Amino acid sequence: MEREKMIEGLAKIVGKEDVMTSEMELQLYGYDASLNRGRPDCIVMPASTEEVSKVVKFARENHIPVVARGAGTNLSGGSSPTEGGIALLFTRMNKILEIDVENQRVVVEPGAITLDIKGAIGKYGYLYHPDPSSEKATTIAGNLGENAGGAHCFKYGVTSNHVLGAEVVLFDGEVIEVGGKSLDNPGFDLPGLMVGSEGTLGMVTKLTLRMMPKTEAVKTMLAIYETIADGANTVSDIVKAGMIPTTLEMMDNLTIKAVEAAYHVGFPEDAASILLIELDGLKDGMDRLTDEVVAICKKNKVREVRVAKNEAEREKIWAGRKGAFGAVGRLRPNYLVNDPTVPRTRLPEALAQVVEIGKKYNLPIANVFHAGDGNLHPLILFDERDKDELDRVHKAAFEIMKICADMGGTISGEHGIGVEKLKGMPLIFSERDIAAMRNVKKAFDPESVYNPGKLLPAEKAA
Amino acid sequence: MEDKKLFSKNTGENIYHCIRCGLCLAHCPVYKEILLEEAAPRGKVQLSRCLEEGTLELNEEVKNAFFSTCLLCGSCVANCPSGVHGDHLFSGVRWRAKQKYGIDWKKKVMFQILANKWLMSKSAALGGWARRNFSGPGIEKKIKAGALSVDRIPPFNKKAFAETVQEVTAPKSGKAKAKVLYFHGCATNFVFGDIGNAVVDVLSKMGVEVTTPKDQGCCGLPVFLSGDRETSVNIIREALKIFARADVDAVLVDCGTCGAALKNEYPHLLKDLKELGENVTDEEIKAAELLSAKTMDVTVFIDAHKDWLPKLGGNGKKIKVTYHDPCHLVKGQKVSAQPRNILKSIPDVEYVEMAAAGDCCGGGGSFQVEHAETSAKITKRKIDNAEATGAQVVATCCPGCNVTISNHLDPAKGMKTMHPVQLLQMALNR
Amino acid sequence: MSNNEKLVSKLKEIVGEANVIEDPEKLKALAVDGLIPRVMVSPGTIEETSKVVVYACAEKLAVIPMGSGTKMTLGGIPKKFDILLSTKRMNRYNDYDIANLTVGVESGVTLAEIQAKLAGEGRGYFIPLDPQHSQGATVGGIVATNDSGAKRFLYGGNRDFILGIKAVMPNGDIMSVGGKAVKNVAGYDMTKLMIGSMGAIGIICEITFRITPRPDAEATLLFPFNGLKEAAAFLKKLLHSKYYPAALELMNATMAANLKATSALKGKYVAAIALDGIEEWVTRLKADLSEMGRQEGASDAILLTADAHRDFWMAYRDVADSLAKTQSNLVALKANFALSKVTEMVGAFEAALREAGLNGALFCSAGNGILRAVFGGDDSGAKAAALIGKLTAEAVKNGGNLIVERAPKAIKEKVNVWGQTRSDVVVVRRMKEQMDPAGILNPGRYVGGV
């Protein structure tokens, strides 16, 4: 469609001020937090479900792709418009619509920031559990699109376990409701399909989230180790003992150094790894459980276990973990964060192989990982101005995906496939598996209006 | 001019450390209101990159993004996990924009005045005289300067502070425990004389010898941040001549912005300019580094030497006091505990922490005049938080924040703004 | 060769002669809503299942999968029925990894068998599922119908602890998604799509569960109440508290009368709270909750432990089965609703049943927002159908819906067994069209008539 006509048509729907087309804007909305870059044909800011529906209808009629965008903090390229089209910007549809304490649900607009939602319901004594490290900047619908995880998923699960319903605009502008405030609505688990669909099935214009009462007590501990294996073995032993901590997070020496340089939270820079453990529940027995955890750490040759004595100490420990990714930007200008998952007991093996891959491609790799879930985040450090290095980075990333897939794991635990991991899909899915997924796409979006080129590899020519 | 490099190598390197994580979006007060990528620090860093790499032209729209959607508060710098100095990049772009587009003539005049001490004192005297004689609540109530209500801007000092203070104020008693230079800045000089008096009074009661150089001028930051680096270099040279001295224990400031200028900006700017081929000498850079090392906020000095304070008295009537962290102090210089310590140590003060005390007040110097709508939204959040504490006094260490906050507080609540040193002075004089 | 002979012969070729039933008398007993299959086949592996489906797809033969057959009355009346496919011979454990807390098991294994096996491992483990038909139901059937029980409140439901599924798609393709990875966002969440899909878009052949360590301590507290409002208020208080019991159930007198542990209790309603956790938590919960219950108006707080506790919940789960032995025209309904509407739902259901002159067992999961009603319907089905319509409207009014889990054909014909149609039915229908264009799997039995 002719550019002028497109802009005119969209301006009629949302108003001229809410259609952005300058060169500056097109550059600004071409990137996200991944290494991918696209270029939209324009940016549109809808203010309501109705406007979203009209924009989508217009886009479909004129064969213009639609790429949803929140804060653009995803790590796999989900919101970079690699095939052009309309970048549909949801940051201003950000209201918290209803805090329904009685029903333990909170209904929000897609652009509401995850941490803001938590703050709002926190006032009533409730929690929304998923806590991706980007939570202070990310929009909730972005979390939905990627099925974001975070440090607390060992006990409480991921975004998909806490999104119970959504209002969705389909490819032809039709508005449907999937799920709702109640559980077990008849029909397919469409909320379950929407979560993690990376903007390829529908535009979410309302979300219904589960909120849960605060637990009575929480105990946060930092365990310091001379080897990564000791930390990983501690995790295995804690699980074997039948405990379900809310968190079991680890980071390696390279990461510790970067975090200290950035945040000065008191992590020891000569430790091989640190393990962050958190327990929650009633206060009865909490001390005994803590003692048991400390005993397990000691059994695994821990150097020191620090138990946070108050909220301030607890926050400091967490600040170090939450800022870990960005902090490694001090070591080298860029990083590529991988996101594979392996069965927990094979973590030490996977990490050892990651070290080998780093050596093979001559790239430093810092490691942060959700030790409880077996979800590792090897951060490959490099300088994108060095084209040769960038090439080695992509090769290393692919190999990391492969060794994890071979261990019975998966290529993405929480950041999504986007553009970046398309190559890895055949490592874990057969053509038949992908064919089934293509049917899902066709059921929702038969004309491929939404986020083309993402999540599913291109269909091979017959 | 256009074929000159956009950034020095050192500053330009920042661009490549931005991994676009987007965490800065959570800390930028302007992004919070506007919710567009150009208003985000990440967006401006990426635009800086486009400009540097030549994939984008510095046009009106880009220039406006850097001026109208950025307070240069430093919140992004303080919170960037990768340590990207967005502020250096953004002020660099402002400089190039100023070179291409010039500066608004009103601002040009203003900066020339700021840069010239004689002009400044004469203009202030004239302005104060004019306001006292020709203005009046009736007229002023109807005028707004951007987001500021003119009738609520504090009056000019009858006489400039520099004219009323002694050049050297001896310690109240005994030998001098320390010798300091007092950089009072424009605001204290022309508007907040009371703060200047309080600073000198408290320090001398602590046994400190205070030298207040008569011929000091503006720190230059307003000029520098608007992109007029040429004018600001002259201002800096003047300041270095007077204040870069190894023989004093400290150079004290009562304004967070002046502090950031002397402590952070002078060395960085001079180094940058030298690298870009401007006429800056190594000696000048050394002097700037010396001054930087000596500079500290007056609250930091007082807190570090609190045992020098005489006994603080009270009259038994508690007043609720809350504190607002000026951006240039808390983010630029990482000072947040010391002003609070001072307030908490005063017997008559009941200290109450406000929500988001470290969030920007939205003033941003001239920002609140030129970009009133955005500024007012940010200020409203600060006012709501301040008023929610029920405090009678909002203490802060920056005259800019002082003016902005006092301008927007609900008059019916009777709250006022003060510098912590003023409250300390009251306690010392009981 | 007649059509049937061709069919039978082909199937025998795939699964072996012993695993094909063609005896008409035997097949009559396997009818679904009165429709009798032409043949029953029991494949032993997913590959055999695939071959059967490939053939069925080519020949446009309707296939209905079955595990133990405990829930065959669920869903709409089949449009066509050619092959009954039993999953019972697919009963292997393909993954049994206690250290990693994963168990991958084929569909034909009963949940009871898996639980017994896991209970004996080390400190004891279990799959946190406690649905109906405690002894007979296969995991395949439970997952395909997304059945759940009381303890879902603490442990979550199928969608919260199933990590992967292998299924035979309607075109015979074997789809293998998920697996042992606890966190997995690669591709679409096909696992969640298959859970509860009622065989409409694929036959689940293998499921990987995340297992959980058995709690250190378990007990149950029973609270008889005379007033519905008081009972509901008590449960609401618990729901919003920091206590996190394992189950928050409410039953009416008819239900209570059917269970040994509650039949002697004096009260119109009984709240049953399950306690799971470490010793210290259970001890505290016992004390605090007993106190709370009494404060809220319970006439007593009865503690069940050990066998009494286990037997109670087993009977609770199986009440519909036990009632089916004595009640003719048994109707079992499952309504879902917004958590705060316990009083409204139970009250409305009671009133409607009373008005229809029917006595129904009502049991409600106040923690999950699910209410089940079991009663004997009338022979013609007209009364029951009218009642079901009314109850469905009530559930919708309270933020949910209602499905018919069990009913004679005469009643099913008169109602929408999947409740009120929702706006997302358009996607449900398109999904069926894409996945099963030939319409051979469970035709007509799912939502939207697909």
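Small disclaimer: the values here were computed from a predicted structure and weren't measured.

A. Fine view of the overall build of chain B. Each helix and strand counted, chain B has 23 helices and 11 strands in total. The globule rule puts the C-alpha radius of gyration for 430 residues at 22 Å, and the 21 Å found for chain B is close to it. Oriented by its inertia axes, the alpha-carbon framework of chain B measures out at about 65 × 50 × 45 Å. In chain B, buried positions account for 53% of the 430 residues. Here the analysis covers contacts within chain B between residues at least 6 apart in sequence; of these, 79% occur between residues at least 24 apart.

B. Representation of the overall build of chain A in the model. Within chain A one finds 16 helices and 18 strands. For chain A, whose C-alpha radius of gyration is 22 Å, the value lies close to the compact-globule estimate of 23 Å for 462 residues. By principal-axis analysis of the C-alpha atoms, chain A measures approximately 70 × 55 × 40 Å. When each of the 462 residues of chain A is scored for burial, the buried share is 62%.

C. Structural view of the interface of chain C and chain A. Contact with chain C, which involves 67 residues of that partner, is made by 72 residues of chain A. At the level of elements, helix H7 (158-161), strand E9 (174-178), helix H8 (190-194), helix H11 (279-295), strand E19 (401-406) and helix H17 (425-435) of chain C are the ones that each hand at least two residues to the side of chain C that touches chain A. Among the elements that line the side of chain C that touches chain A, the one with the most residues is H17(C), at 8 residues. Across the side of chain C that touches chain A, the residue classes break down as 30 nonpolar, 21 polar and 16 charged.

D. Highlighting the sheet that holds strand E3 (residues 66-69) of chain A. Residues and elements named next belong to chain A. Strand order in this open sheet of 4 strands is E1-E2-E4-E3, and the pairing throughout is mixed. Whereas interior strands pair on both sides, the edge strands pair on one side only; in this sheet they are strand E1 (19-20) and E3. Here 2 bridges tie E1 to strand E2 (residues 42-44), and the two strands are oriented antiparallel to one another. What sits directly across from Val-19, in E2, is Val-44. On top of the sheet, helix H1 (residues 3-14) reaches E1 and E2; it is set at about 10° to E2, its chief contact.

E. Just the sheet that holds strand E4 (residues 83-86) of chain C, in detail. Residue and element names in this part refer to chain C. Pairing within the open sheet is mixed, and its 4 strands lie in the order E1-E2-E4-E3. What marks the edges here is a single partner per strand, and that holds for strand E1 (20-21) and strand E3 (63-66). Strand direction decides the pairing type here: E1 and strand E2 (residues 39-41), joined by 2 bridges, are antiparallel. In the strand pairing of E2, Val-20 is matched with Val-41. Seen against the sheet, helix H1 (residues 3-15) touches E1 and E2 and runs at an angle of roughly 10° to E2.

F. Summary view of the interface of chain A and chain B. Chain A puts 29 residues into the contact, and the matching count from chain B is 23 residues. Of all the elements in the fold, those that place two or more residues in the side of chain A that touches chain B are helix H2 (23-28), helix H12 (324-327) and strand E16 (334-337) of chain A. Residue contributions to the side of chain A that touches chain B peak at 4 residues, all from H2(A). Classifying every residue of the side of chain A that touches chain B gives 12 nonpolar, 10 polar and 7 charged.

G. Structural context of the domain arrangement of chain B. All names here are of chain B. The domain boundaries assigned to chain B delineate domain 1 (9-101) and domain 2 (310-428). Put simply, the middle of domain 1 and the middle of domain 2, counted by C-alpha atoms, are 28 Å apart. Residue-level contacts link 11 residues of domain 1 with 13 residues of domain 2. Contributions of two or more residues to the side of domain 1 that touches domain 2 are made by helix H2 (29-34) and helix H5 (75-79). Here the side of domain 1 that touches domain 2 takes 4 residues from H2, the largest share from any one element. Looking at the side of domain 1 that touches domain 2 residue by residue, the classes come out as 7 nonpolar, 3 polar and 1 charged.

H. Quick peek at the confidence of the model for chain B. When pLDDT is averaged along chain B, the result is 91; 97% of the residues meet or exceed 70. Reported for the predicted complex are a pTM of 0.94 and an ipTM of 0.96.

I. Structural detail: the nonpolar core. Counting 431 residues, the largest nonpolar core has A:Leu88, A:Ile274, A:Ile380, C:Leu235 and C:Leu250 as the members making the most contacts within it. Ignoring any residue separated from it by four or fewer positions in sequence, one finds C:Leu235 in contact with C:Leu248, C:Leu250, C:Ala271, C:Val342 and C:Ala366.

J. Summary view of the packing of helix H19 (residues 337-345) of chain B against helix H23 (residues 420-428) of chain B. All names here are of chain B. Where H19 meets H23, the closest approach of the two axes is 10 Å, and the angle between their N-to-C directions is 25°. When the axes of H19 and H23 are compared, the pair comes out roughly parallel. Note that H19 runs across H23; the crossing there is left-handed. In this structure, H19 uses Pro-339, Ile-342 and Leu-343 to contact H23, whose residues at the interface are Pro-420, Leu-423 and Leu-424. Along the lines of polarity and charge, the residues of the contact of H19 with H23 split into 6 nonpolar, no polar and no charged.

K. Up close: the packing of helix H8 (residues 228-240) of chain A against helix H10 (residues 286-299) of chain A. Residues and elements named next belong to chain A. Contact pair H8 / H10: the axes reach a minimum separation of 9 Å and the direction vectors enclose 140°. Relative to H10, the element H8 is oriented oblique. Relative to H10, H8 is oriented so that their crossing is right-handed. Contacts between H8 and H10 involve Thr-234, Asp-237 and Ile-238 on the former and, on the latter, Val-293, Ile-296, Cys-297 and Lys-299. Classifying every residue of the contact of H8 with H10 gives 4 nonpolar, 1 polar and 2 charged.

L. Seen up close, the environment of B:Lys334. Along the polypeptide, B:Lys334 turns up in the loop between helix H18 (327-330) and H19. With 256 residues separating them along the chain, B:Lys334 and B:Ala78 place their C-alpha atoms 8.5 Å apart.

M. View of the domain arrangement of chain A. Domain boundaries assigned for chain A yield domain 1 (3-89), domain 2 (96-213), domain 3 (217-326) and domain 4 (332-425). Computed from C-alpha atoms alone, the centre-to-centre distance between domain 1 of chain A and domain 3 of chain A is 43 Å.

N. The arrangement of unusual backbone geometry in detail. Residue and element names in this part refer to chain A. Here the phi dihedral of His-63 falls at roughly 55°; this positive angle occurs in a residue that is not glycine. Mapped onto the elements of the fold, His-63 is located in the loop between helix H3 (49-61) and E3. A positive phi angle, near 55°, is found at Asn-362, a position not held by glycine. Positionally, Asn-362 belongs in the loop between helix H13 (347-361) and strand E17 (365-370).

O. Region of the structure containing the pairing of strand E8 (residues 162-168) of chain C. Residues and elements named next belong to chain C. Within E8, 7 of the 7 residues are buried, which leaves the element mostly enclosed by the surrounding structure. Judged from the 6 bridges that link them, E8 and strand E10 (residues 203-210) form a sheet pairing that is antiparallel. Each bridged residue has a counterpart across the sheet, and for Lys-166 the counterpart in E10 is Glu-206. The pairing of E8 with E9 spans 5 bridges and is classified as antiparallel. Counted as the bridge partner of Lys-166 is Ser-176 from E9. Counted between consecutive antiparallel strands, the loop separating E8 from E9 contains 5 residues, among which Gly-172 sits at a positive phi close to 95°.

P. Expanded view of the environment of A:Gly424. All names here are of chain A. Within the fold, Gly-424 resides in the loop between helix H14 (387-406) and helix H15 (425-428). What makes Gly-424 buried here is the crowd of 24 C-beta atoms within 10 Å. Along the backbone, Gly-424 and Phe-398 are 26 residues apart, and their C-alpha atoms lie at a distance of 6.7 Å. Those residues within four positions of Gly-424 in sequence are excluded, and the remaining contacts are Phe-398, Met-401 and Ile-411.

Q. Inspection of the pairing of strand E6 (residues 250-253) of chain B at higher detail. Residues and elements named next belong to chain B. Neither face of E6 is exposed, since Ala-250 and Leu-252 on one face and Val-251 and Val-253 on the opposite face are all buried. Looking at chain direction, strand E4 (residues 178-183) and E6 are connected through 4 bridges and run parallel. Looking across to E6, one finds that Phe-183 is bridged to Val-253. As paired strands, E6 and strand E7 (residues 295-297) are joined by 3 bridges and run parallel to one another. Residue Leu-252 lies in a different strand from E7, and its bridge partner there is Met-296.

R. Local environment of the environment of A:Gly122. Positionally, A:Gly122 belongs in helix H4 (residues 114-122). Remark: the alpha-carbon pair of A:Gly122 and A:Met211, spanning 89 residues in sequence, is separated by 9.6 Å.

What counts as what
Residues numbered from 1 in each chain as written. Chains lettered and ligands numbered in written order. Predicted model: local features only at pLDDT ≥ 70, side-chain atom pairs only at ≥ 80, totals over all residues. Helix = DSSP H or I, 4+ residues; strand = E, 2+ residues; numbered from the N terminus. Rg over C-alpha atoms; globule rule 2.2 N^0.38 Å. Buried ≥ 20, exposed ≤ 12 C-beta atoms within 10 Å, placed from the backbone. Contact = placed C-beta atoms within 7 Å. Nonpolar A, V, L, I, M, F, W, Y, C, P; charged D, E, K, R; others polar. Pairing = 2+ DSSP bridges. Axes fitted to C-alpha atoms, helices over the stretch in contact; angles between N-to-C directions. Domains from an automatic or database assignment. pLDDT = per-residue confidence, 0-100. Core = buried A, V, L, I, M, F, W, Y, C linked by C-beta atoms within 7 Å. Parallel < 35°, antiparallel > 145°, perpendicular 65-115°, else oblique. Left-handed = near helix turned anticlockwise from the far one by under 90°.

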